[in-house]
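Breakdown of the fold
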Amino acid sequence: MELIFMHSIPDAAHGRSTLSIYHAPLVLLRVCKTWREIALTTPRLWTSVEPPIPVHLLHSPGNAVCARRQHRVASFIEQFDHWLERSENHPLAIIASGTLLRMNQLDQTAILQGLASKLAIHSRRWESIDFDLSHSLPSHFNGIAPESLPILRYVRLSAPSLLVPADLRQNCAFRGFFAAPNLKALQIRVSHSSSGFSTLPVGWTNLTHLSLDDNDKYRSDLLPRDERVTAPEMLLILKQCQMLRILSVLLTSARHPQTESETGVTLSNLEALNVSGCRTQIHCLLQSIVTPRIREIHFQPSLKPSRPDNVQPQPFSPEFPLTSFLQRYGNQTEVLSVNLPSVSRKDLQSWLECTPALKQLTLGPEFQIAPLPPRISIPTDPENVFDDSCIELITPRRPDELYFCPNLKIFRCSIKGRISRDTILVFLEARTDPLIVSNGRIIEEVLIHQLPYDSPLGESTDVEDERLKSIREPGVRLSFRKSTYDQFNLGPGNAAIGTPSGTCVPGFGPGYGVDFKLF
């Protein structure tokens, strides 16, 4: 029963419990005596905390302070205290954003400070926090020292901007969160100009997961003069991150000329890398890092110049930064994702030649499992057309013939191109023929969207449907879709249907990549 109760936590809350009587775990207390006893004696049900504020406490007539409202506030805070007590000594996952931190604008200081004081008492049990810094933190969070956060391992901070070290000196709440002695994973999400990340008092040496990316909650477009983290500053941070396994970073162009790094930074444990943003900064970073154990690469350059208007962008070829990196470290890469409007056969072949162990290939903006970059502007008529020749590169012909990606299990493509029905059918039949690829190498998932037609196999009554049936028999997951929206304006704020959650596309199986989410 305990496991069933744990799975009853609503997905709408992203796995976090709420104080609503209509959702678990509170609703479990109202079914019967047995269920109530089980729920009250299952501490794990009460370890996730995202306190919503009841509507009747958010609004009151005028500014009058009435005895009835004071009683309601006291009762609500008491219920919240009971929630924390039921979790006993288990680690807590805290989210403090949205309504909770905006309440100071609604003159609800008493509720805000009451909840914060209860949370602060249990700071030694905080294991993960997700704080929105767009509004000032409650005073009870100020001054929480690093030693008061002994098991804090996961931190996600979101803000419109983060200027360091000025804000760090003014708000000591930042220091405690960053300097927690056992911090393993850090994600900072900002949407406007920020600087000084390398000066944060973080124990970089202990980090295994680092993400410095865009906060699409506030804005999903990259302004030309926005400057956040650049490649040189990122390299200063990475020099201290010897234990890092997962890295996701959005790079913006520097306002001042830079000198290229003379010495490389070795990341011996890095397994997954997501780089997005300014293409020149991406190149600077990729040529300066040594990643002997890399197995997953996500390449998402911005095609809109993130630089001052008076500086002309240089012609861009994705081959130069990505291919040169794969030539050095692609031999054991199993997951490759390239978010570009189109890919030429030449570039694709150069990448496939460097990645013989590839299991999962994703092309285009849809199906991305790593954090997406800000919205980018892309020409409606790409110079390089994705056509049949690209699919033919990964299509085996004969059992005794060498071909690219013999271990390919998942192919996801959302590049608008000109791909014929026959080419797709030949690819599917070859990749599911045990005489050509052997039983252990049959492909598991093929998603091809942005097609010029509804399906390569016609309607279900079509004679070609028999060919589709034979392809599905080994358990292959298929999805084909015609272009029905403007792919080139796709951004974090308006993701396509079927955007992956974690490492899999809804309705399909799990992928082979890591989950870039902290929690």
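One structure accompanies this document, and this report is about it. Because the structure is predicted, anything quoted here is derived from the model rather than measured.

Before going further, it helps to spend a moment on the overall build of the chain. A count of helical and extended segments in the chain gives 16 helices and 16 strands. Buried positions account for 52% of the 519 residues belonging to the chain. Long-range contacts, defined here as pairs at least 24 residues apart, represent 79% of the contacts in the chain between residues at least 6 apart. Of the roughly 23200 Å² of accessible surface on the chain, a fraction of 51% belongs to carbon and sulfur atoms.

The phi angle at Glu88 is positive, at roughly 55 degrees, despite the residue not being glycine. Inspection of the secondary structure assignment puts Glu88 in the loop between helix 4 (67–86) and strand 2 (92–96). The partly exposed category is assigned to Glu88, whose relative accessible area is 47%.

All right, on to the packing of aromatic side chains then. Per the stated rule, a full pass over the model turns up six aromatic pairs. Aromatic pair Phe131 and Phe177: ring centres 5.2 Å apart, planes at 75 degrees, arrangement edge-to-face. Here Phe131 is found in strand 3 (residues 126–132), whereas its partner Phe177 is found in helix 8 (residues 172–178), with 46 residues between them in sequence. As far as burial versus exposure is concerned, Phe131 and Phe177 are alike and both buried.

Before going further, it helps to spend a moment on the pattern of salt bridges. A full pass over the atoms with the stated rule returns nine salt bridges. Put simply, Lys118 and Asp81 hold a salt bridge, and the shortest N to O gap is 3.7 Å. In this pair, Lys118 is assigned in helix 6 (residues 109–121) and Asp81 in helix 4, connecting sequence segments 37 residues apart. Residue Lys118 is classed as partly exposed on the basis of its relative accessible area, which comes to 22%. Residue Asp81 is classed as buried on the basis of its relative accessible area of 17%.

The subject of this paragraph is the pairing of strand 11 (residues 296–302). The element strand 11 is largely enclosed, with a buried count of seven among its seven residues. Side chains Glu296, His298, Gln300 and Ser302 of strand 11 all project onto a buried face; the interleaved residues Ile297, Phe299 and Pro301 project onto the opposite face, where all are buried too. The sheet contact formed by strand 9 (residues 272–278) and strand 11 spans seven bridges and is parallel. Looking at strand 11, one finds that Cys278 is bridged to Ser302. Here four bridges tie strand 11 to strand 12 (residues 335–338), and the two strands are oriented parallel to one another. Each bridged residue has a counterpart across the sheet, and for His298 the counterpart in strand 12 is Ser337.

A separate point is the pairing of strand 14 (residues 410–413). Both faces of strand 14 are covered, namely the face carrying Ile410 and Arg412 and the face carrying Phe411 and Cys413. Inspection of the sheet shows strand 13 (residues 360–363) paired to strand 14 by four bridges, in the parallel sense. By the bridge assignment for strand 14, Thr362 is matched with Arg412. In this structure, strand 14 lies alongside strand 15 (residues 445–451), joined through four bridges in parallel fashion. Paired with Arg412 across the strands is Leu447, a residue of strand 15.

What follows covers the environment of Ala93. Within the fold, Ala93 resides in strand 2. For the pair formed by Ala93 and Trp126, sequence separation is 33 residues and the distance between their alpha carbons is 6.2 Å. When residues no more than four places from it in sequence are discounted, the contact partners of Ala93 are Thr47, Ser48, Val49 and Ser128.

Of all hydrophobic cores here, the largest spans 118 residues; its most connected members are Trp126, Met234 and Phe411. When residues of this core are assigned to their parent elements, the largest contribution, six residues, is made by helix 4. Core analysis: the next-biggest nonpolar cluster, separate from the first, contains five residues, Ile246, Ala272, Ala370 and Val514 among them.

On to the environment of Leu247. Here Leu247 shows up in strand 7 (residues 246–251). Distance from Leu247 to Ala272, taken between C-alpha atoms, is 6.3 Å for residues 25 residues apart in sequence. With residues up to four places along the chain from it excluded, the contact list for Leu247 reads Leu210, Met234, Leu238, Leu270, Ala272, Leu273, Asn274 and Phe516.

Here the focus is a nonpolar patch on the surface. A surface patch of nonpolar side chains, about 380 Å² in accessible area, is lined by Met1, Ile4, Val31 and Trp35. Structurally, Met1 is set in the segment before helix 1 (2–7).

Attention now moves to the side chain of Arg125. Tracing the sequence through the fold places Arg125 in the loop between helix 6 and strand 3. For the buried Arg125, no salt bridge is present, and the opposite-charge side chain at shortest range is Asp81, 8.2 Å distant. A polar contact of 2.8 Å, which involves the side chain of Arg125, links it to the backbone oxygen of Glu88. Dropping the residues within four chain positions of it, Arg125 is found in contact with Leu84, Ser87, Glu88, Asn89, His90, Pro91, Leu92 and Ile151.

Conventions and cut-offs
- Residues numbered from 1 in each chain as written.
- Predicted model: local features only at pLDDT ≥ 70, side-chain atom pairs only at ≥ 80, totals over all residues.
- Heavy atoms only, no water.
- Helix = DSSP H or I, 4+ residues; strand = E, 2+ residues; numbered from the N terminus.
- Buried < 20%, exposed > 50% of the residue type's maximum accessible area, 1.4 Å probe, protein only.
- Contact = heavy atoms within 4.5 Å.
- Areas by Shrake-Rupley, 256 points an atom, 1.4 Å probe, with all protein chains shown as cover.
- Phe/Tyr/Trp six-rings, centres within 6.5 Å; stacked < 30°, edge-to-face > 60°.
- Salt bridge = Lys/Arg side-chain N within 4 Å of Asp/Glu carboxyl O.
- Pairing = 2+ DSSP bridges.
- Core = buried A, V, L, I, M, F, W, Y, C linked by side-chain atoms within 4.5 Å.
- Patch = residues over 30% accessible without salt bridge, like charges linked within 9 Å, V, L, I, M, F, W, Y side chains within 5 Å.
- Lys, Arg positive; Asp, Glu negative; His and termini not counted.
- Polar contact = N/O pair within 3.5 Å; in protein donor to acceptor, adjacent residues only side chain to side chain.

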